[in-house]
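Close look at the chain arrangement
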Amino acid sequence: SSGINAEYGHHLLEQECSSRVISNVVTQYKQVLELSKEALEETNSLNKRMGNIADMIKSIKSELKCVSDTLELSNVPKLVVRDDVTSEEYHTFFRILQKFTNSDESNN
């Protein structure tokens, strides 16, 4: 009768193993789907933000074009501005202008 018990024990072990595998695989696969969905949403959101950044940079470049044309025409690299433009803004602007001018040269 010990043979039957051993076989029964093996059967239970097999049953336990199969059940565990099914449960684990199903659970993990659901997690995979969920995480994939989240990752896709984050990717789309990121792409949208990158698109917005690209649009803003395009806008900055066209704004700067107007000013750099003015600066090229004048022999003094100086802009006449309203009183509400702070000197910090003014200097920051020129740093940005320089950055974009330099990057344009390296692109061409």
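In what follows, the structure referred to is the one given above.
If you're wondering where the values come from, they're calculated on a predicted model, not measured in any experiment. (Residues numbered from 1 in each chain as written. Predicted model: local features only at pLDDT ≥ 70, side-chain atom pairs only at ≥ 80, totals over all residues. Heavy atoms only, no water.)

Looking now at the overall build of the chain. If you tally the helices and strands in the chain, you get two helices and zero strands. Looking at the chain as a whole, 7% of its 108 residues qualify as buried. (Helix = DSSP H or I, 4+ residues; strand = E, 2+ residues; numbered from the N terminus. Buried < 20%, exposed > 50% of the residue type's maximum accessible area, 1.4 Å probe, protein only.)

Attention now moves to the nonpolar core. Ranked by size, the top nonpolar core spans seven residues in total: Leu64, Val67, Leu71, Leu79, Tyr90, Leu97 and Phe100. Contributing elements (two or more residues each) for this core: α1 (2–73) and α2 (87–107). Ignoring any residue separated from it by four or fewer positions in sequence, one finds Phe100 in contact with Ile57, Ile60, Lys61 and Leu64. (Core = buried A, V, L, I, M, F, W, Y, C linked by side-chain atoms within 4.5 Å. Contact = heavy atoms within 4.5 Å.)

With that settled, consider the environment of Val67. In this fold, Val67 is placed in helix α1. In sequence terms Val67 and Leu97 are 30 residues apart; their C-alpha atoms lie 9.0 Å from each other. If near-sequence neighbours (up to four positions away) are discounted, Val67 is found in contact with Leu79 and Phe93.

We now examine the packing of aromatic side chains. Across all of its chains, the model carries two aromatic pairs by this definition. For the pair Tyr90 and Phe94, a centre-to-centre distance of 5.0 Å together with 50 degrees between the ring planes defines the contact as tilted. Pair noted here: Tyr90 and Phe94 are both in helix α2, with a separation of four residues, about one helical turn. A ring pair is formed by Phe93 and Phe94, whose centres lie 5.8 Å apart and whose planes are at 90 degrees; its orientation type is edge-to-face. Phe93 gets classed as partly exposed once you look at its relative accessible area, which sits at 26%. Members of the aromatic cluster, joined through ring pairs, are Tyr90, Phe93 and Phe94. (Phe/Tyr/Trp six-rings, centres within 6.5 Å; stacked < 30°, edge-to-face > 60°.)

Following the criterion strictly, the structure yields two salt bridges and no others. With its nearest N and O atoms 3.9 Å apart, the salt bridge here joins Lys37 to Glu41. You can see Lys37 and its partner Glu41 sitting in helix α1, four residues apart, about one turn around the helix. Taking the relative accessible area as the measure of exposure, Lys37 reaches 48% and is therefore partly exposed. Here Asp84 makes a salt bridge to Arg82, at a shortest N to O gap of 2.9 Å. Classification of Asp84 as partly exposed rests on a relative accessible area of 49%. You can call Arg82 exposed: its relative accessible area is 61%. (Salt bridge = Lys/Arg side-chain N within 4 Å of Asp/Glu carboxyl O.)

What follows covers a nonpolar patch on the surface. Nonpolar side chains collect at one region of the surface, where Leu46, Met50, Ile53 and Ile57 lie side by side and expose about 360 Å² of accessible area between them. Within the secondary structure, Met50 is located in helix α1. (Patch = residues over 30% accessible without salt bridge, like charges linked within 9 Å, V, L, I, M, F, W, Y side chains within 5 Å. Areas by Shrake-Rupley, 256 points an atom, 1.4 Å probe, with all protein chains shown as cover.)

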